[in-house]
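What the coordinates show
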Amino acid sequence: MDWSQKLYFTAFLIVIAAATSIRGIHGYAMVSGTVFCDQCKDGQVSLFDYPLNGIKVAMTCPDNNGQMTIWGEETTNWIGSYAMRLDGTPDLSGCVAQVTSSSEEGTRGCGTGGGPGRSPRLMFRMFDMEMYTLDPLISQPEDPMSFCPKSTYPQPHPYPVSPPTPPSTLPVPTLPPTPSLPHLPPMPPFPYLEASACPHQNWMMPEYRCYWKVINPDSKVGVVFGLIAARKYGTDITLWEGMKGRGEPYKTLLREGTTALLNSYNSGQFPYHPLGVIQHMNWALMGSTQQVLHTALHFLRANSGNGKFTCKLNPCK
């Protein structure tokens, strides 16, 4: 950046500061984070966990007497994220955010208990605006899922035990420098760990309806993909209706984007992450028709397995 660019940038900051002062805008702090379902109840976010919607997160801070009081509360959206605004310029150094309650519809049985609270970390400050972030919070089911690794399996002794000998002739054992970990029984099959990609026709079959876990067929396209999608497709269309679209680039994008989102939630080895699907979908909708078709074809190729993956869905019981 040369001196003229620096001068213009400094002038811009001065104008913004003056406008803020003239309008009498008071500062605020924004705190954001994500809540995950801790399916294995191991107290951390792992491969088995997924984001939760409908979870209430409260920010508690000490008052003048040192008593913890609630300063703000927010509910997570369908991708498990929340953004809490606190007016003024509060001191959040002693504050803690924690899961407080949930709706059974959104948590799908994973809202019986929350994990430890997290303290906000300051990420950005400009004038009277502050941005904070939090490490992921967790909510837990009543019992760990059946596919989780068992910690109660019998563990073999890491070293062979020799028969007892008289003290005078007891040999001094030579221990290996780095003992190998005991062998655990194989984990039961779990679809998320398998490489799987299924076309939209499979996701519309009744026998695979149970795999619509994080999102359901009646979810609104605008709620799932955001405001840009709502403006393009309307606020009433559901994901199930969008799966029937064909013969036009925007309908094809919605069908293949929804299919890619389902595949990303079903398989950890799918080429797209759930947030990546939403991001590419919105980028395409903000671009040209050619970009829409280009993104739809990329989704279609990924949903077909691209010659590497096959569909691993088993009929629901």
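As shown above, the structure is provided for reference.
Summary of the structure given here. Note that the coordinates shown come from a computational prediction; the quantities given were computed from them, not determined experimentally.

Per the stated rule, a full pass over the model turns up 4 disulfides. With a sulfur-sulfur separation of 2.0 Å, C37 is cross-linked through a disulfide to C110. Residues C37 and C110 are joined through a disulfide that is right-handed, its torsion about the S-S bond being 95 degrees. You can see C37 sitting in strand β1 (residues 28-37) and its partner C110 sitting in the loop between α2 (104-107) and β7 (113-114), a full 73 residues away along the chain. Residue C37 is classed as buried on the basis of its relative accessible area, which comes to 2%. According to the relative accessible area criterion, C110 is buried, its value standing at 1%. Note on cysteine connectivity: C61 is disulfide-linked to C95, with sulfurs 1.9 Å apart. Disulfide C61-C95: torsion about the S-S bond near 120 degrees, hence right-handed.

In the contact formed by helix α7 (residues 249-266) and helix α8 (residues 274-285), the axes pass within 8 Å of each other and the chain directions differ by 165 degrees. Between α7 and α8, the angle is such that the two are roughly antiparallel. By crossing handedness, the relation of α7 to α8 is classed as right-handed. When α7 is examined against α8, the residues Y250, L253, L254, G257, A260, L261, S264 and Y265 are found in contact with a partner set consisting of P274, V277, I278, M281, A284 and L285. Within the contact of α7 with α8, the residues separate by chemical class into 12 nonpolar, 2 polar and no charged.

Together, M123, F124 and M131 line one region of the surface with nonpolar side chains, adding up to about 280 Å² of accessible area. Mapped onto the secondary structure, F124 falls in strand β8 (residues 121-126). Classification of F124 as partly exposed rests on a relative accessible area of 38%.

Definitions and cut-offs
- Residues numbered from 1 in each chain as written.
- Predicted model: local features only at pLDDT ≥ 70, side-chain atom pairs only at ≥ 80, totals over all residues.
- Heavy atoms only, no water.
- Disulfide = S-S within 2.5 Å.
- Helix = DSSP H or I, 4+ residues; strand = E, 2+ residues; numbered from the N terminus.
- Buried < 20%, exposed > 50% of the residue type's maximum accessible area, 1.4 Å probe, protein only.
- Axes fitted to C-alpha atoms, helices over the stretch in contact; angles between N-to-C directions.
- Parallel < 35°, antiparallel > 145°, perpendicular 65-115°, else oblique.
- Left-handed = near helix turned anticlockwise from the far one by under 90°.
- Contact = heavy atoms within 4.5 Å.
- Nonpolar A, V, L, I, M, F, W, Y, C, P; charged D, E, K, R; others polar.
- Patch = residues over 30% accessible without salt bridge, like charges linked within 9 Å, V, L, I, M, F, W, Y side chains within 5 Å.
- Areas by Shrake-Rupley, 256 points an atom, 1.4 Å probe, with all protein chains shown as cover.
- Salt bridge = Lys/Arg side-chain N within 4 Å of Asp/Glu carboxyl O.

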